[in-house]
Amino acid sequence: MKTLKLRIKDKHSEMLNHMASEVNFVWNYVNDLCFKHLKRKGEFLSAYDVAKYTKGTSKECDLHSQTVQAVTEELVTRRKQFKKAKLKWRVSNKKSARRSLGWIPFKKVAIKYADGYIQYGKHQFKLWDSYGLSKYNIKTGSFVEDARGRWSVCFVVEAAAVEKSTATQAIGIDLGLKDIATCSDGTVISNPKFYRHYEQKLGIAQRARNKKRVRALHAKISNSRKDHLHKASSMLVKKNALIIVGDLSAKKLVKTTMAKSVLDTGFSALKTMLKYKCENAGVLFEEVNEAYTTQMCSCCRKISSSSPKGRADLGIRGWRCVECGTFHENRDINSALNILALGHERLAVGIPVFQAGEDVNERQMKIGIKTLKG
C-alpha cells in the first residue's frame, strides 16, 4: 500500500472549503455527543453507536454518507489513541488563529475517477493526474488543504510489486548537522541549509505582516528540503543491500541550543524515508545505538586519550589514535564505520557484502543459522 497526492485545480477551492466546514461541523457534533454521553453514562460511544445519531446528516450537510462515517471512525480512533474524553474543536473561521486546515475523508465507494476528474457525490473536481490513477486500485483517501489554501487529494492505493534491489554493498550512516549524513564509504549528503537561505526574506515578510508571502516561503523551504531528502534516500537505497543508521534523536536535540539547526537539517525525516524505502526495495535497515562511536577508533575499536570527547571537541574534525597510530581525517566517516560494525554485530554477521539478488528472508535465515553455529 502507498499514498498518492495530487493537486486539485484552484477553481474548486470554494466548494471544497464549504464541504470542509461541514466536515468540521460533523466532527464537533460527534465530539460533543460522545463527551456528554460519557458524563451521563460513564462509557464511550463506539463508531457503530454514533451512526444512529448521524443518520440523514449527508443530505443536510451536502456530504457523502461514507464521509460522515469516516469522520466518526477517525474521531473514535484518535480518542482511543490519545486517551482523551474530548478532542480539540475543529475551527472553520478563516480569520481565527486556531483555524483547522481543510480535511474531507472518503471511502472507495464515494468517488469515481475518469478523464482527469474526480467525481465526489454530485461534484466534479479536476486535478493534475501525474501518476495515472487508472492504473491503481484505490482503497480510501481524503481531500486535504495546505497552509496556502491549496487543495490536494490523497489516495491510498495498492502498490504494484517493486523489483527487489540487486545491490551488494553495506554502509553505516552517521547523521549530523554540518552534513545531514556521512556514510562509511565516504558518501556525504550535504546540508544546503534551506531555512537559513530564506531566513532574511522570511524576516522581511514577517515584519511586514505579509502572511501570504510568509506561507509561500515556508512552503518553498519545506518542498526544497523534501526534494533533497527524497533524492538522497533513493540514491542510498539503490546502491546498498544493508543500511545501518545511528539512533541520533531529533526530539532530544530540539531542546538544546542547536534546535534551529536540527529542524533545518531534517535528518529525522531522512531516517524515516530510508526505513520505508528499504522495506519497499527489500533492503535490510537497522538502527543502532551510536554512543561513543565518534570517540572509538574504527581500526582498533578502542577509545584513546586523543579521541574527541563531548560537545567541547566538536571542532576537532581529524585526530590520531594513540593506541594503533591510525589517523582519521574525517571524524564522521570514522563514526559511520563504527556504526556499520555495530550493525554487523547485531546481525551476528561479519561480512559486509551480500550475494546479488538474495531475498531479505533468505538473508535473515542465513544470519540465524550462522548465529546458531557460532
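Residues numbered from 1 in each chain as written. Predicted model: local features only at pLDDT ≥ 70, side-chain atom pairs only at ≥ 80, totals over all residues. Heavy atoms only, no water.

**Quick notes on the pattern of salt bridges**
- Under the counting rule described, the total for this entry stands at 11 salt bridges.
- In this structure, Glu158 engages Lys139 in a salt bridge whose closest nitrogen and oxygen atoms are separated by 3.0 Å. Here Glu158 is found in the loop between strand 7 (151–157) and strand 8 (169–175), whereas its partner Lys139 is found in strand 6 (residues 138–145), with 19 residues between them in sequence.
- Residue classification places Lys139 among the partly exposed residues on the basis of a relative accessible area of 35%.
- In the salt-bridge network here, residues are joined through shared partners; they are Asp32, Lys36 and Lys86. (Salt bridge = Lys/Arg side-chain N within 4 Å of Asp/Glu carboxyl O. Helix = DSSP H or I, 4+ residues; strand = E, 2+ residues; numbered from the N terminus. Buried < 20%, exposed > 50% of the residue type's maximum accessible area, 1.4 Å probe, protein only.)

**Here we look at helix 6 (residues 211–239)**
- The terminal C-alpha atoms of helix 6 lie 42 Å apart, and with 29 residues this matches the ideal 42 Å at 1.5 Å per residue to within 8%.
- Residues Val214, Leu217, Ala219, Ile221, Arg225, Leu229, Ala232, Ser233, Leu236 and Val237 constitute the buried set of helix 6. (Expected span 1.5 Å × (residues − 1).)

**As for the confidence of the model for the chain**
- Here the chain averages 85 in pLDDT, while 90% of its residues score no lower than 70.
- Counting contacts from residues 349–374, a segment whose pLDDT is below 50, to residues more than four positions away or on other chains yields 34 contacts. (pLDDT = per-residue confidence, 0-100. Contact = heavy atoms within 4.5 Å.)

**Re the environment of Asn223**
- Within the secondary structure, Asn223 sits in helix 6.
- With a relative accessible area of 44%, Asn223 lands in the partly exposed category.
- C-alpha of Asn223 to C-alpha of Lys86: the two residues are 137 residues apart in sequence and 34 Å apart in space.

**As for the sheet that holds strand 3 (residues 111–114)**
- Read across the sheet, 3 strands follow the order 3-4-5 without closing on themselves; strand pairing throughout is antiparallel. Bordering the open sheet on either side are strand 3 and strand 5 (123–126), each of which pairs with just one other strand. Averaged over all adjacent pairs, the angle separating strand axes in this sheet is 25 degrees, with direction ignored.
- Where strand 4 (residues 117–120) lies against strand 5, 4 bridges are found, and the strand directions are antiparallel. What sits directly across from Tyr117, in strand 5, is Lys126. (Pairing = 2+ DSSP bridges. Axes fitted to C-alpha atoms, helices over the stretch in contact; angles between N-to-C directions.)

**Comments concerning the packing of helix 6 against helix 9 (residues 267–281)**
- It is the contact of helix 6 with helix 9, at a shortest axis distance of 9 Å, that shows an interaxial angle of 40 degrees. Between helix 6 and helix 9, the angle falls in the class oblique. Handedness of the crossing formed by helix 6 with helix 9: right-handed. Mapping the contact onto sequence places Lys226, Leu229, His230, Ser233, Ser234, Leu236 and Val237 in helix 6 and Ala269, Leu270, Met273, Leu274, Tyr276, Lys277, Cys278 and Ala281 in helix 9.
- A breakdown of the residues in the contact of helix 6 with helix 9 according to their chemical character gives 10 nonpolar, 3 polar and 2 charged. (Parallel < 35°, antiparallel > 145°, perpendicular 65-115°, else oblique. Left-handed = near helix turned anticlockwise from the far one by under 90°. Nonpolar A, V, L, I, M, F, W, Y, C, P; charged D, E, K, R; others polar.)

**Comments concerning the packing of helix 5 (residues 194–207) against helix 6**
- The interhelical angle for the contact between helix 5 and helix 6, taken along N-to-C directions, is 175 degrees, at an axis separation of 9 Å. Here helix 6 runs roughly antiparallel to helix 5, going by the angle between their axes. Between helix 5 and helix 6, the contacting residues are Phe194, Tyr195, Tyr198, Lys201, Leu202, Ala205 and Gln206 on the first element and Arg213, Val214, Leu217, His218, Lys220, Ile221, Ser224, Arg225 and His228 on the second.
- Its residues assigned to classes, the contact of helix 5 with helix 6 shows 8 nonpolar, 4 polar and 4 charged.

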